[in-house]
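Per-entry structural report
Each chain is listed here by its residues.
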Amino acid sequence: MMFTPLHDRVLVRRIESDEKTAGGLIIPENAKEKPQEGEVVSVGAGAKDEAGTRISMDVKAGDKILFGKWSGTEIKLDGEELMIMKESDILGIMA
């Protein structure tokens, strides 16, 4: 797949959550919430400030991130469901 986001946008692959609860109950597909964590697939070059200087991105490909529940736009590339969002939609990087 050849896709590079523009400006301060980030391409993210959701990380699927467990299929069981802590108590051992199996969660059916239709009852699962979409996970709010993912892995950065690719990043844009960064936004530009008023002077035209490029602002570097804080995330990079491979980072595990948390993002808001309503963040991003779902897209399908090469049959895979991914999300594209602005870097500002990312809440943090998981260590």
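Quick caveat, the model's predicted, so the values are computed rather than measured.

Comments concerning the pairing of strand 5 (residues 80-86)
In the sheet, strand 1 (residues 9-14) pairs with strand 5 via four bridges, with the strands oriented antiparallel. Looking across to strand 5, one finds that Val12 is bridged to Met83. Where strand 4 (residues 73-77) meets strand 5, five bridges bridge the pair, whose relative direction is antiparallel. Paired with Lys76 across the bridge in strand 5 is Glu81.

Some details on the sheet that holds strand 4
Strand pairing in a sheet is mediated by backbone hydrogen bonds. Such pairs are either parallel or antiparallel. Reading across from one edge, 4-5-1-2-3-6 is the order of the six strands in this open sheet, with antiparallel pairing throughout. Edge positions in the sheet fall to strand 4 and strand 6 (90-94), since each of these pairs with one other strand and no more. For this sheet the average axis-to-axis angle between neighbouring strands, irrespective of direction, equals 45 degrees. With four bridges connecting them, strand 3 (residues 64-67) and strand 6 associate as antiparallel partners. Bridge pairing links Lys64 to Met94 in strand 6.

Conventions adopted
- Residues numbered from 1 in each chain as written.
- Predicted model: local features only at pLDDT ≥ 70, side-chain atom pairs only at ≥ 80, totals over all residues.
- Heavy atoms only, no water.
- Pairing = 2+ DSSP bridges.
- Helix = DSSP H or I, 4+ residues; strand = E, 2+ residues; numbered from the N terminus.
- Axes fitted to C-alpha atoms, helices over the stretch in contact; angles between N-to-C directions.

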